[in-house]
Amino acid sequence: MKMEALTREEIKEEESYSYRHLSSCSFPKDILWASFDHCTFEKVDFIGADLTRMDFSHCTFLHCDFSNATFTKNGFKNLTFQDCKMIGVNMVEVNGTKITFENCLLRYANFNDAKLKEVLFSNCHIEEGSFSGTTLKKTEFQDCSLQKADFYQTSLEGLDLSHCQIEGIKVLPKNLKGCAVSLEQALDFISLLGVIIK
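Everything numeric here is computed off the predicted structure, so don't read it as measured data.

Q: Would you mind going over the pairing of strand S5 (residues 40-45) with me for this structure?
A: Residues in a regular strand point their side chains to alternate faces of the sheet. One ladder, built from five bridges, connects strand S3 (residues 20-26) with S5; its direction is parallel. Directly across from Ser23, in S5, lies its bridge partner Glu42.

Q: Would you mind showing me how to read the pattern of salt bridges here?
A: Side chains that differ in sign of charge can pair as their charged atoms come close. Tallied over the full model, the rule gives two salt bridges. When the shortest N-O distance is used, the salt bridge between Arg20 and Glu10 registers 3.0 Å. Here Glu10 lies in the loop between strand S1 (4-6) and strand S2 (16-18) and Arg20 lies in strand S3, a separation of ten residues in the sequence. Glu127 serves as the salt-bridge partner of Arg107, at 3.4 Å between the closest nitrogen and oxygen. Pair noted here: Arg107 is in the loop between strand S8 (95-102) and strand S9 (115-122) and Glu127 is in the loop between S9 and strand S10 (135-137), with a separation of 20 residues, a long-range link.

What counts, and where the lines are drawn
- Residues numbered from 1 in each chain as written.
- Predicted model: local features only at pLDDT ≥ 70, side-chain atom pairs only at ≥ 80, totals over all residues.
- Heavy atoms only, no water.
- Pairing = 2+ DSSP bridges.
- Helix = DSSP H or I, 4+ residues; strand = E, 2+ residues; numbered from the N terminus.
- Salt bridge = Lys/Arg side-chain N within 4 Å of Asp/Glu carboxyl O.

Right, here's the structure in full:
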């Protein structure tokens, strides 16, 4: 289906939009609920926006800025975030399925207590991000920077972090079971067990 242009002025409270393209503008902060299906957002400013009640499905976000935006407790699926700035984004308790984050800046992002299923983080900067108490099911981190990220009370079983930067990562030793890492990374994790290497 052909995608039609969408203007900022057209977005109204409690309205639904399908196969529309919004670009080069700021998302109206006074809109608290709207539904977007199979829509594309390009170079849209979502800085500080409250997106808690927004309904996004099968949408793509290109070069958008979500810095300090809030998705708390939202549920969404089949979304792609590409080349987006998402510093400090709040995704606490979100329920996300089939989400892709590609080339995104997610420094200080908060995914605490989120339920993530079939989520891909590819070439993302997630330094000091927080995944405490997060459920990671069929989730992948590919070539990501996870330096000083917090995975407290989160199982890393099934994750392959061998191609990620994980210096200073915070995780409980019991939650490392089943996590694939490189030899060099394994030496870093040994310190969590209180082992001294001579």
